[in-house]
Each structure stands twice: as structure tokens, then as C-alpha cells.
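The primary structure of each chain is shown beneath.
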Amino acid sequence: MEFDRDLDVKGYACPLPILRTKKLLAEMESGQVLRIQVTDPGSLKDFPAFAKQTGNELVKQQEANRVFEFFLKRK
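In this report, we go over the structure that sits alongside the text. (Residues numbered from 1 in each chain as written. Predicted model: local features only at pLDDT ≥ 70, side-chain atom pairs only at ≥ 80, totals over all residues. Heavy atoms only, no water.)

1. Remarks on the environment of Ser 43
Next up, step 1: Tracing the backbone through its elements, the reader meets Ser 43 in helix H2 (residues 43-54).
Next up, step 2: On the basis of relative accessibility, which here comes to 2%, the residue Ser 43 falls in the buried class.
Next up, step 3: As a C-alpha pair, Ser 43 and Asp 8 span 35 residues in sequence and 13 Å in three-dimensional space.
Next up, step 4: Ignoring sequence-local partners within four residues, the contact set of Ser 43 consists of Val 38, Pro 48, Phe 68 and Phe 70.
Next up, step 5: In terms of polar contacts, Ser 43 uses its side chain to reach the backbone carbonyl oxygen of Asp 40, at 2.6 Å. (Helix = DSSP H or I, 4+ residues; strand = E, 2+ residues; numbered from the N terminus. Buried < 20%, exposed > 50% of the residue type's maximum accessible area, 1.4 Å probe, protein only. Contact = heavy atoms within 4.5 Å. Polar contact = N/O pair within 3.5 Å; in protein donor to acceptor, adjacent residues only side chain to side chain.)

Dropping the structure here:
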């Protein structure tokens, strides 16, 4: 999947991945896509909830080798 910005927060625990995602999304334009790579298993609940609360669209999520990838489209 194509994306405009990339955020690698592997090795960090909640809430740091969400906080860094929020900061980077604020710098992006509406419609741009951010890819976030996370290793914290709690992110499976955190990122869908974050997207719903903020109005950003969780376009896709996937997992490979214990790395979770989330693709968020800026509202």
C-alpha cells in the first residue's frame, strides 16, 4: 500500500506510539496516509480506538513477524 509518511515506533510501549502518531498526523495534510510500524501488542486495540476518536481513517492493518503495521489516512 502506498503511503506519504512513515513512523517506526518498534520497541516502544503505549502510550508513546500513539503520542508520536498524533504529533506526526498533525503535520500532515488531509488525505495523506501515514504508515506506523509497532511491536506493542496493545496497539491492536489502541490504533483502531485512536482512529475512531480522532476521525482519522484506519485504512489497513496487518502483521508480519510480530510487527504490526497500521495505515492511517489524515482526516
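So that's the structure; there's more coming.
2. Notes on the packing of aromatic side chains
Next up, step 1: Applying the stated criterion to the full structure yields 2 aromatic pairs.
Next up, step 2: Ring plane angle 55° and centroid distance 6.1 Å describe the contact between Phe 3 and Phe 71, whose orientation is recorded as tilted. Placement of the pair is Phe 3 in the segment before strand E1 (5-9) and Phe 71 in strand E4 (residues 67-73), with a sequence separation of 68 residues.
Next up, step 3: The class for Phe 3 is partly exposed, based on a relative accessible area of 34%.
Next up, step 4: Using a relative accessible area of 2% as the deciding quantity, one classes Phe 71 as buried.
Next up, step 5: The ring of Tyr 12 carries Arg 20 above its face, with NZ or CZ at 4.8 Å from the centroid. (Phe/Tyr/Trp six-rings, centres within 6.5 Å; stacked < 30°, edge-to-face > 60°. Lys NZ or Arg CZ within 6 Å of the ring centre and 35° of its normal.)

Read these as geometric descriptors, not functional statements.
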